[in-house]
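Letter by letter, the chains look like this.
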Amino acid sequence: MSSKLPNADQTFNISDEHLDIALEQVSMGFWRVNLVNSNFMACTPQCKKNFGWDPSRAFSYADMLSCILPEDLPEMQAKVSTAIEHQQLYKAQYRVKHPDGSIHWIDANGKVLYKKGIPYELLGTTLDITEKKDLEVLRDELLNVAMHELKTPLSAVMASLQLLERILQPQNEEKALNIVTRALGSTERINRLLGEMALPVNAKLKEISLAKTTFDIRRLADEIADNARVIHAHAEIEVQADADEILIHGDRHRIAQVITNLINNGIKYSENDPNLEITITPDHDQVSFSVRDYGIGIAPGDRKKIFQKFYRANTKLQVDGLGIGLYLCAEVILRHGGSIQVADIEQTGTTVIFSIPTGNI
């Protein structure tokens, strides 16, 4: 008895078995959460495996939450809430602990379904990206070593140039002094870039703890705007708020970093005289903060990507940077249980908006 292979032009439908093999190869699982019926969850066997669960056992929404590391759980839940409240896609990455003690990274994506404007179901996928994350850790370690090795000789070069500059100044050696000044400026620029690279490597954002206090975000915005006007004398920065005092409970230093970064970006990406409008709006238990500039703008395809680590939008301006600043902003805002986005509207320039809970005031 002989068997014949199908002719090259013959086709066949993909079976469930083929689909199962493909999904297992990429470790992709599917899940559904009923938002009406006490968060009842149904999921595929591969989804259970991604959380270290026996596929033959029942796996509830509460079981799934119990697998997530406690330090990652608040951010994951905040992203679920944001997706439901603002009708956005759900995207989250978090760590889970398997029964054998191993830690795995999960990439979760989902979509909220609505009936007559009321959310009733959240469905999506989970993907085990542990191997990818391990490579990122290795890359960060290599970057850390490289930056350490570069900073030591760079500091010596900067010190030598500064000494040479002091020697040349009283001698009126204008040509030589100009060369030294340009070289010193270049080394300072390299030093700043190395410092920017070091932030996500050394800070270990997953381990950052917020030092929360109650403070006036309106006053903080005024202080940062005043500092920016001193540094950028040509910039017009207007701060508008619905109240003279707007109190929130958060990490003042971290929020200041976010506001400073957004203002600096608005100035940096404006070709002519930068004109920035800052608007602060309290709304019940949260505050909305927006920074609008009238610069070159961001292409629609880049607006949801610019908060990714090392992502840089394509622009006609050649601007220094590594695509880390907005990534850090997003991490700080998410740690406060908030959200950040670029306004997806057609207008001159760019408007970046973040919202954070007022907290326990």
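On a predicted model such as this, the values are computed, not experimentally measured, just so you know.

Caption draft 1: Region of interest: the overall build of the protein. When you go through the protein residue by residue, the secondary structure sums to nine helices and 12 strands. Expressed as a percentage of the 361 residues in the protein, the buried residues total 38%. For the protein, the computed accessible surface area is about 21,600 Å², with 52% contributed by carbon and sulfur atoms.

Caption draft 2: Quick peek at the environment of I306. Within the element layout of this structure, I306 appears in the loop between β10 (286–293) and α9 (325–335). Residues I306 and Y327, 21 residues apart in the sequence, show an inter-C-alpha distance of 7.4 Å.

Caption draft 3: Expanded view of the environment of C43. Relative to the elements of secondary structure, C43 occurs in strand β2 (residues 40–43). A relative accessible area of 19% means that C43 is categorised as buried. With 18 residues separating them along the chain, C43 and Y61 place their C-alpha atoms 9.8 Å apart. When residues no more than four places from it in sequence are discounted, the contact partners of C43 are F30, W31, K48 and F59.

Caption draft 4: Looking closely at the sheet that holds strand β3 (residues 90–97). Strand order across the open sheet formed by five strands is β2-β1-β5-β4-β3, with antiparallel pairing between neighbours. Taken across any chain shown, the strands that pair with only one partner, and hence form the sheet edges, are β2 and β3. Between one strand axis and the next, the sheet turns by 25° as a mean value, whatever way the strands run. Taken together, the seven bridges between strand β1 (residues 28–34) and strand β5 (residues 118–128) define a ladder with antiparallel strand orientation. Pairing of R32 across the sheet is with L123, part of β5.

Caption draft 5: Structural view of empty space enclosed by the protein. Counted under the stated rule, the structure contains three cavities of 30 Å³ or more. Along its surface, the largest cavity is lined by 14 residues, and W31, Y61, M64, M76 and Y94 are the ones closest to its centre. Secondary structure elements with two or more residues in the lining of the largest cavity: β1, α3 (61–67), α4 (73–86), β3 and β5. For the lining of the largest cavity, the class distribution of residues is 13 nonpolar, one polar and no charged.

Caption draft 6: Seen up close, the side chain of K133. Here K133 is to be found in helix α5 (residues 130–168). Side-chain polar atoms of K133 contact the side chain of Q93, separated by 3.1 Å. Filtering out sequence-adjacent residues up to four positions away, K133 remains in contact with Q93 and W105.

Caption draft 7: Local environment of the sheet that holds β10. Strand order across the open sheet formed by five strands is β7-β9-β10-β12-β11, with mixed pairing between neighbours. Bordering the open sheet on either side are β7 (236–241) and β11 (339–342), each of which pairs with just one other strand. Each strand axis lies, on average, 10° off the axis of its neighbour in the sheet, ignoring direction. Examined bridge by bridge, β10 and strand β12 (residues 350–357) share eight bridges and lie antiparallel to one another. Directly across from V291, in β12, lies its bridge partner V352. Here helix α8 (residues 252–268) sits on the sheet and contacts β7, β9 (275–283), β10 and β12; the angle it forms with β12, its principal contact strand, is near 170°. Along the sheet face, α9 touches β11 and β12 and points at about 145° away from the line of β11.

Calculation criteria
- Residues numbered from 1 in each chain as written.
- Predicted model: local features only at pLDDT ≥ 70, side-chain atom pairs only at ≥ 80, totals over all residues.
- Heavy atoms only, no water.
- Helix = DSSP H or I, 4+ residues; strand = E, 2+ residues; numbered from the N terminus.
- Buried < 20%, exposed > 50% of the residue type's maximum accessible area, 1.4 Å probe, protein only.
- Areas by Shrake-Rupley, 256 points an atom, 1.4 Å probe, with all protein chains shown as cover.
- Contact = heavy atoms within 4.5 Å.
- Pairing = 2+ DSSP bridges.
- Axes fitted to C-alpha atoms, helices over the stretch in contact; angles between N-to-C directions.
- 1 Å grid on protein atoms, 1.4 Å probe; cavity = no way out; pocket = protein on both sides within 12 Å on 5 of 7 lines; lining within 4 Å.
- Points joined across faces, edges and corners; volume = space filled by probe spheres on them.
- Nonpolar A, V, L, I, M, F, W, Y, C, P; charged D, E, K, R; others polar.
- Polar contact = N/O pair within 3.5 Å; in protein donor to acceptor, adjacent residues only side chain to side chain.

Note that every value here comes from positions in space, so none of it alone points to a role or purpose.
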